[in-house]
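# Overview (structure and organization)
Here are the chains, one letter per residue:
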Amino acid sequence: MPEAEVETHPGGAGPEDDGPGPVGRWLRADRVRAVAVALIVVSVAWRAGLATRGWFSQDEFAIAAQVLDTGLDPDYLLNTFNNHLMPGGLLVAWAMVRVAGFVSWPWVLLLAVGQAAVGIALYRLLRDLLRPGWGLLIPLCLFLFSPLTLEASSLWLVGLLVLPTQLALVLAVAAQVRYVRTGKLRHLVVVAVWLVFGLLFDTKALLIVPLLFLLTAFLFTSGRAWRSLVTTVRRYWPSWLMLSVLSGAYLAYYVSRPARELDEPTSVGQVLSFLGDLVGKTVVPGLLGGPWRWTYAGDGPPLVDPYDIAKWLSWAVLATLIVVTVRRRPSAGRAWLLLACYLALVAALFAVTRLGGPLGPLVGIIPRYVADVVLVAAICVGVALLGTRDVDEDDVSAWPVPTVLREPGAFAVGLVSIVVLLATIGVGALWSTARFGDNWSTKHGRDYLATAQAELAAAPPGTVFFDNAVPDRVVAGYFWPDNLQSHFFRPAERQPKFVTQSERPSTFDEFGRIRPVAVEGRKAVAGRVPDCGHLAQGGQTTQIPMDAYLEEWPHVVHFGYLSSGDTTALFRLGDATREVPLRRGLNEVFFLLEGSGGTIDVTVNTLGVGVCTNLVTAGRVVPAQ
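In this text, all values refer to a predicted model and were calculated from it rather than measured experimentally.

Bringing the overall build of the protein chain into the picture now. For the protein chain, the count of helices and strands is 21 helices and 15 strands. Here the C-alpha radius of gyration of the protein chain, 33 Å, is well above what a compact globule of 625 residues would show, namely 25 Å. Put simply, the protein chain has 625 residues, and 50% of those count as buried. In the protein chain, once contacts between residues fewer than 6 apart in sequence are set aside, the share between residues at least 24 apart is 76%. When the accessible surface of the protein chain is totalled, it reaches about 29,600 Å², and 63% of it is carbon and sulfur. Where the 50 positive side-chain charges of the protein chain centre and where its 50 negative ones centre are 7 Å apart.

Right, here's the structure in full:
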């Protein structure tokens, strides 16, 4: 074929290829980075899909109700929620609740952005701290796909606490590493910024301070323990001075805030049981793909419940990994000690603050409490497996392994064993995550609200409600008053109208259906007036004795009566009074009367009008059957 024809023929040779485009060049420039980004995207997308299967939970309902009751002022932002000082989280919650309400996708998007930020920050830290290579992906995957962090990506209040703290921890460690390597004070400013950022979202960010000290001592000094500590203090004292001032000022302010008493442990056995659960059932199995099985915990996230055989196998695998890495790499021992020390700090924090409360026996199996431990574990596992850039250690090929393991067959067996182990851990993590999703998809609060909203849309005009508590499976009773229907429905699209007095009030049953009101409680002793019961005549006070003493409480009174004319009546219970209109004929009325006493006094205000009653019940609202 002539040369000219070759140049113009469609199937012929064209001009020289210009090479890959910008994306191709970016991928070729650093294939490990490209795979890391892909893993972060997969992790975030998968967790976002998992989060959409669930919905809000008890703490979110309580926060949402409080947000709609307050303005954006210091009293709100600097208030402690369950002993958490979290102005940053409350600020985000205030904005999101008012914008999104009970619509879930904006919250899922917010959590996804937070997860992506933490994942990218961790990869950059690992790349800066550890020796380069494909091995960087192992600690990265340990964090990205850990079932122990699923709460932080599924429950928005947990995410507001955990994700900013995780981000602050990673970036503070990265800045501390740069300061240790260069000695430049500008990196200390960055450390301070990220510490303050973390403290804006959770008090637990204070643990970043001892973590930075321990990390510096274990990974950036050498020699015996005492020598390492002295070197760390003397060489990097500006860092510890700055961190001590910041944390001291924060603690001084924190203890000045009103908060409930700490739930301190009641016995040594309680502490030992907690440690066994935290380490044995949660952390160790969780780092190796567990817990594989979860315990349903209502609308909240499930609790870890590993199989016994899997739990003990995970312990055996971790012990083997520790022994092998310590024998092969001197810095590995320091990395494992760093992890153990940080875990001890976390355990001590919760042992002295959480064990004495009603949820004390469950603290050790709540995975969100160790979400930051997973991050530290990823850093420490990376150091144990790969070593840091700062330590001059031989490569794997130069390790003094036994001669028999230098044989090609033995090396192949070892390589296959490692691949099988990593695959097993990966499959376990996928299984644990899928089972978490099964638990997470059951949401009584979502079903309750959906039913109530449909019922409100179909309710006749003028339907009014007496306030009542939502079912415990939606919001537990210890959240009172935020477990009341009047609080729960505030962010909802359709609002019930709540009253304290009505002849035909309604309430919601346990499924969210509208039902007439009934009152369950103490009843009036039968009256002695024939064909009347208790007779209250105009201008006179009649005492109606109850069958038991009524303690101080907002009682709802059901008063059924026969009146000879239209009038009003004054009802008294102890020091509490309420004036109620009564109509001629046979009627009934429900009203709120907050007080205590053994009798209810009735005074009819219109002379010549008589009111007969034998139906007086004071107690709590229940749906009529």
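Our next topic: the environment of Phe 201. Within the secondary structure, Phe 201 sits in the loop between helix 11 (186-199) and helix 12 (208-219). In contact with Phe 201, other than residues within four places in its own chain, are Leu 85, Met 86, Gly 88, Gly 89, Val 92, Leu 160, Leu 161 and Pro 164.

Moving on: the packing of aromatic side chains. Here the structure, examined in full by the defined rule, presents 25 aromatic pairs. Seen from their ring centres, Phe 559 and Tyr 561 are 5.6 Å apart, and the 20° between their planes marks the pair as stacked. Judged by relative accessible area, Phe 559 falls into the buried class, the value being 1%. Given a relative accessible area of 1%, Tyr 561 falls into the buried group. One aromatic cluster is present, built from ring pairs that chain together Phe 56, Phe 61, Phe 102, Trp 107, Trp 156, Tyr 448, Phe 465, Phe 488, Phe 489, Phe 498 and Phe 508. A cation sits over an aromatic face here: Arg 435 above Trp 431, 4.3 Å from the ring centre. The ring of Trp 440 is capped by Lys 443, whose NZ or CZ atom sits 3.7 Å from the centre of that ring.

Counting through the fold element by element, Gln 115 comes out in helix 7 (residues 105-129). A relative accessible area of 8% places Gln 115 in the buried class. The contacts of Gln 115, once residues within four sequence positions are left out, are Val 44, Arg 47, Ser 153 and Leu 163.

One pass over the structure, following the stated rule, counts 14 salt bridges. Close ionic contact of Arg 513 with Asp 509 constitutes a salt bridge, the shortest N to O distance being 2.7 Å. In this structure, Glu 520 engages Arg 620 in a salt bridge whose closest nitrogen and oxygen atoms are separated by 2.7 Å. Here the residue Glu 520 occupies a position in strand 9 (residues 514-523), and Arg 620 occupies one in strand 15 (residues 610-623), the gap between them amounting to 100 residues. Judged by relative accessible area, Glu 520 falls into the partly exposed class, the value being 43%. A network of salt bridges, in which partner residues are shared, links Arg 53, Arg 435 and Asp 438.

With that out of the way, let us pick up unusual backbone geometry. Looking along the chain, the bond that leaves Gly 290 and enters Pro 291 is cis, with omega of 15°. Its location among the elements puts Pro 291 in the loop between helix 15 (268-287) and strand 3 (294-295). Positive phi, close to 70°, is recorded for Trp 292, a residue that is not glycine. Following the sequence through the fold, Trp 292 ends up in the loop between helix 15 and strand 3. Judged by its relative accessible area of 13%, Trp 292 falls in the buried class.

We now examine helix 8 (residues 137-144). Of all eight residues that make up helix 8, six are buried, and the element is covered over most of its length. Buried within helix 8 we find Leu 137, Pro 139, Leu 140, Leu 142, Phe 143 and Leu 144. Structurally, helix 8 contributes buried residues whose contacts are with helix 3 (31-53), helix 7, helix 10 (156-182), helix 15 and helix 18 (371-386).

Attention now goes to the pairing of strand 15. Extensive coverage of strand 15 is indicated by the burial of ten of its 14 residues. Bridging between strand 9 and strand 15 involves seven bridges; their strand directions are antiparallel. Directly across from Gly 521, in strand 15, lies its bridge partner Gly 619. In terms of strand pairing, strand 10 (residues 534-537) meets strand 15 through four bridges, oriented antiparallel. Residue pairing in the sheet places Ala 536 in a bridge with Val 611 of strand 15. Direction of pairing for strand 11 (residues 541-563) relative to strand 15: antiparallel, over a ladder of seven bridges. In the strand pairing of strand 15, Phe 559 is matched with Val 616.

The grouping of Val 103, Trp 105, Leu 109 and Val 113 at the surface amounts to a nonpolar patch, some 420 Å² of accessible area in total. Topologically, Trp 105 is positioned in helix 7.

Parameters and conventions
- Residues numbered from 1 in each chain as written.
- Predicted model: local features only at pLDDT ≥ 70, side-chain atom pairs only at ≥ 80, totals over all residues.
- Heavy atoms only, no water.
- Helix = DSSP H or I, 4+ residues; strand = E, 2+ residues; numbered from the N terminus.
- Rg over C-alpha atoms; globule rule 2.2 N^0.38 Å.
- Buried < 20%, exposed > 50% of the residue type's maximum accessible area, 1.4 Å probe, protein only.
- Contact = heavy atoms within 4.5 Å.
- Areas by Shrake-Rupley, 256 points an atom, 1.4 Å probe, with all protein chains shown as cover.
- Lys, Arg positive; Asp, Glu negative; His and termini not counted.
- Charge placed at Lys NZ, Arg CZ, Asp CG, Glu CD.
- Phe/Tyr/Trp six-rings, centres within 6.5 Å; stacked < 30°, edge-to-face > 60°.
- Lys NZ or Arg CZ within 6 Å of the ring centre and 35° of its normal.
- Salt bridge = Lys/Arg side-chain N within 4 Å of Asp/Glu carboxyl O.
- Pairing = 2+ DSSP bridges.
- Patch = residues over 30% accessible without salt bridge, like charges linked within 9 Å, V, L, I, M, F, W, Y side chains within 5 Å.

Distances and angles like these do not, on their own, reveal function.
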